[in-house]
Amino acid sequence: MNNLKIHKFNEPLPENVDSAVRDLLCECFPSDREVFSHTRYWHGSAPVYSLVYREHNRVAGYVGIVVRKIKVDNVFVTIAGIQSLAVSGKLRGKGVGRQLMIEAINEAVKRDIYYGLLFCVPELERFYASLGWIKTSEKVMMADARNITMFKELAEEKFPNGDIDLQGRDW
Ligand SMILES: CC(C)(COP(=O)(O)OP(=O)(O)OC[C@H]1O[C@@H](n2cnc3c(N)ncnc32)[C@H](O)[C@@H]1OP(=O)(O)O)[C@@H](O)C(=O)NCCC(=O)NCCS
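All of the points below concern the structure found in this document. None of the values given here were measured: they were computed from a predicted structure.

In this description, a pair of aromatic rings is defined by centroid distance and the angle of the planes. A full pass over the atoms with the stated rule returns seven aromatic pairs. Note on tyrosine 114 and tyrosine 115: the rings are 6.3 Å apart at their centroids and 85° apart in plane angle, and the pair reads as edge-to-face. Judged by its relative accessible area of 38%, tyrosine 114 falls in the partly exposed class. Tyrosine 115 gets classed as buried once you look at its relative accessible area, which sits at 6%.

Here the focus is the layout of surface pockets. By volume, the largest pocket is sized at about 870 Å³. Forming the boundary of the largest pocket are 32 residues, of which Phe29, Ser84, Leu85, Leu124 and Tyr128 lie nearest the centre. Breaking the lining of the largest pocket down by element, the ones donating at least two residues are β4 (75–87), α3 (96–110), β5 (115–120) and α4 (125–129). Residue contributions to the lining of the largest pocket peak at six residues, all from β4. For the lining of the largest pocket, the per-class residue count stands at 18 nonpolar, seven polar and seven charged.

Moving on, we get to the site of the ligand. Residues in close proximity to the ligand total 19 residues, the closest being Leu85, Val87, Gly93, Gly95 and Gly97. With respect to the ligand, the backbone of leucine 85 contributes an N or O atom lying 2.8 Å from a nitrogen atom. Glycine 95 places a polar main-chain atom, nitrogen or oxygen, 2.7 Å from an oxygen atom of the ligand. Calculation on the ligand without its partners gives an accessible area of 910 Å², and the protein chains cover 65% of this total. At a threshold of 2 Å from the grid points, most atoms of the ligand map onto the largest pocket. For the shell around the ligand, the secondary-structure elements that each account for two or more residues are β4, α3, β5 and α4. Its residues placed into classes, the shell around the ligand shows eleven nonpolar, three polar and five charged.

With that out of the way, let us pick up the pattern of salt bridges. Opposite charge on two side chains allows them to pair when their charged atoms are near. Applying the stated rule across the entire model yields eight salt bridges. With a shortest N-O distance of 3.1 Å, glutamate 107 and lysine 8 are connected by a salt bridge. Of this pair, glutamate 107 sits in helix α3 while lysine 8 sits in strand β1 (residues 6–10), placing them 99 residues apart in sequence. Under the relative-accessibility criterion, lysine 8 is labelled partly exposed at 41%. The residue arginine 111 makes a salt bridge to glutamate 107 at a minimum N-O spacing of 2.7 Å. Among the ionic contacts, a cluster of salt bridges with common partners joins Glu11, Glu15, Asp18, Arg22 and Arg40.

The rules behind these values
Residues numbered from 1 in each chain as written. Predicted model: local features only at pLDDT ≥ 70, side-chain atom pairs only at ≥ 80, totals over all residues. Heavy atoms only, no water. Phe/Tyr/Trp six-rings, centres within 6.5 Å; stacked < 30°, edge-to-face > 60°. Buried < 20%, exposed > 50% of the residue type's maximum accessible area, 1.4 Å probe, protein only. 1 Å grid on protein atoms, 1.4 Å probe; cavity = no way out; pocket = protein on both sides within 12 Å on 5 of 7 lines; lining within 4 Å. Points joined across faces, edges and corners; volume = space filled by probe spheres on them. Helix = DSSP H or I, 4+ residues; strand = E, 2+ residues; numbered from the N terminus. Nonpolar A, V, L, I, M, F, W, Y, C, P; charged D, E, K, R; others polar. Near = heavy atom within 4 Å. Polar contact = N/O pair within 3.5 Å; in protein donor to acceptor, adjacent residues only side chain to side chain. Areas by Shrake-Rupley, 256 points an atom, 1.4 Å probe, with all protein chains shown as cover. Sits in = over half its atoms within 2 Å of the grid points. Salt bridge = Lys/Arg side-chain N within 4 Å of Asp/Glu carboxyl O.

See below:
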C-alpha cells in the first residue's frame, strides 16, 4: 500500500482522536491495556507530534514521537523517540507500519532533529533495520531492559559513541 493518507497532529490530540488511538493501543498492546485505557503517554512521556492512519472511520495505525534531550557519553543530543507504533490486526503486513515510520522520520528531519531512537523486542529488529535503524551495543540506562535499543541517523551527523542516558524513563 502506497500513498496512504496519514494525518499529522501536534499534541494534544483532539479528544475523539485520542480516545480512538487509545482503543487501538489497547488492541495492539493487550498486556498494557491498563495504561492505554487512560493515557497514550507511556511512562508519562507525551509525544510532541503524532501520526494517525484512519480507515473506515476508525483509527487503524498510529505512532507518537517523543522529543527528548538525552545524554550520550556526557554530550546532550536531541532525539526523536518512536513511541507505540501500532497497526490494527487485520491491516498488518500491508506496509502501514512502514509508511508511518517513514513519515514520522520525515517530519523529524523537517524539525531539524538529527537522530531517532526506539526500543523494541528483538523480533522486530529486522523490520526496523530495513528502515535504516541500527541496534546499539552501547549501555543504555533505562528502567525496562526487556527491549533492544535502536538508533537512526537522520542527517549527516554520526550518532555519538558511548553510554546512553535517557535522562528519564524510556518511552
Ligand atoms: C509492528 C507493527 C506496527 C508492524 O505494522 P505493519 O503495518 O504490519 O508493518 P508493515 O506491513 O509495514 O511491515 C511488516 C513487517 O514487519 C514484520 N513484523 C511485524 N510484526 C512482527 C513481529 N512481531 N515479529 C517479527 N516481524 C514482524 C513483518 O514480518 C513484515 O516484514 P517484511 O516486510 O519483511 O515482510 C504491527 O505488527 C503491530 O502493530 N504490532 C503490535 C504492536 C507492536 O509490537 N508495535 C511495535 C512496538 S516497538
